[in-house]
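# Understanding the architecture of this molecule
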Amino acid sequence: MSHATTAADLFVHVRIVMGIVVGLGLTRLLTGLAAIAQNPRRAKVSGLHLLWTLFVLVELVLFWWWEYALIEQPHWSFGDFAFVVGYAMTLFLMAALLVPDRLDDYAGYEDYFLSRRHWFFGVFAATLVFDLIDTLGKGGDYAGSVGADYWIQIPISLALAALAIWSRDRRLHYAIVLLQLAYQAWWIWLLFYTNDCPGIVGTC
C-alpha cells in the first residue's frame, strides 16, 4: 500500500468522526428549532437567538464542506486527528449552548443567550483560532488563496467576541450576528457563484 493511499484511508476515518460530531451539532440545532415550532409558548422566542442558530447551522455545513480539502493531507498523525476533531467539537459546543435543556430560570431565549454569552462567545473565539490554525496548516498555497478579507475578518471577529462577552447590549449583539451572517454569505457566494475559488478541493 502506498503512502498516498494510506493517508487517504486515514482521512476516511477522520472524516467519519468529524461527520459524527457535525451531525450531532446539526441534530441539536434542528431539534431545538423543531421544539420552538411545536411549542412556541414554552419560552419567549428571540430573533437574536434564532439568528445565531442560523449562523451556527450554516457554519457546521460549511465546515463539513471546507474540510474535504484535507484529503490532500500527505500524512496523518494523532495530533492532526485530535486537532480537526477538536475543531468540530467547538462547533458542536456552540450548537449545544444555543439549545438548552431547560429554560425555567430564564425569561426566554434571549435572556438565556445573554446570560450564557461568556461561554458562547468564548467558544466562538476558540473556533476562530482553530480556523486560523487550520488554514495555515493546509499550506502556503491554500493560505494565500483565501483572500485578504479572511485575514481581516479573523482579528475583527475576535475583537467582536470580546465585546460580546463584556456587554449585554442587544443592539451590539444584533450588529455582531448580522456582520457574521453577512461574511458567511460572502464566503458562500465566493465558493459557489464565482470563479474565485479559495482553494477548496472539488470547487475550482
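The notes below deal with the structure included here. Keep in mind that this is a model prediction, so the values were computed, not measured. (Residues numbered from 1 in each chain as written. Predicted model: local features only at pLDDT ≥ 70, side-chain atom pairs only at ≥ 80, totals over all residues. Heavy atoms only, no water.)

## Some points on the pattern of salt bridges
- This structure, assessed with the given rule, holds five salt bridges.
- Ionic pairing is found between Arg28 and Asp101, a salt bridge with its closest N-O pair at 3.3 Å. Of this pair, Arg28 sits in helix H1 (residues 3-38) while Asp101 sits in the loop between helix H3 (78-98) and helix H4 (109-115), and the two are 73 residues apart along the sequence.
- Note on Arg28: relative accessible area 26%, which makes it partly exposed.
- Overall, Asp101 belongs to the exposed group, its relative accessible area being 66%.
- Of the charged contacts, one joins Glu110 and Arg170 as a salt bridge, the two residues approaching to 2.3 Å between their closest N and O atoms. A residue pair is termed long-range when its members are at least 10 positions apart, and Glu110 in helix H4 and Arg170 in helix H8 (residues 170-193) qualify at 60 residues.
- Judged by relative accessible area, which is 17%, Glu110 ranks as buried. (Salt bridge = Lys/Arg side-chain N within 4 Å of Asp/Glu carboxyl O. Helix = DSSP H or I, 4+ residues; strand = E, 2+ residues; numbered from the N terminus. Buried < 20%, exposed > 50% of the residue type's maximum accessible area, 1.4 Å probe, protein only.)

## Describing the side chain of Gln180
- Among the secondary structure elements, Gln180 is positioned in helix H8.
- The residues touching Gln180, leaving out its near neighbours within four places in the chain, are Trp52, Phe55, Phe124, Gln153, Ser157 and Leu160. (Contact = heavy atoms within 4.5 Å.)

## Thoughts on a nonpolar patch on the surface
- Taken together, the side chains of Trp65, Trp186, Trp189, Phe192 and Tyr193 make up a nonpolar region of the molecular surface, amounting to roughly 590 Å² of accessible area.
- Residue contributions to the nonpolar patch peak at four residues, all from H8.
- One can find Trp65 in helix H2 (residues 47-66).
- Classification of Trp65 as partly exposed rests on a relative accessible area of 35%. (Patch = residues over 30% accessible without salt bridge, like charges linked within 9 Å, V, L, I, M, F, W, Y side chains within 5 Å. Areas by Shrake-Rupley, 256 points an atom, 1.4 Å probe, with all protein chains shown as cover.)

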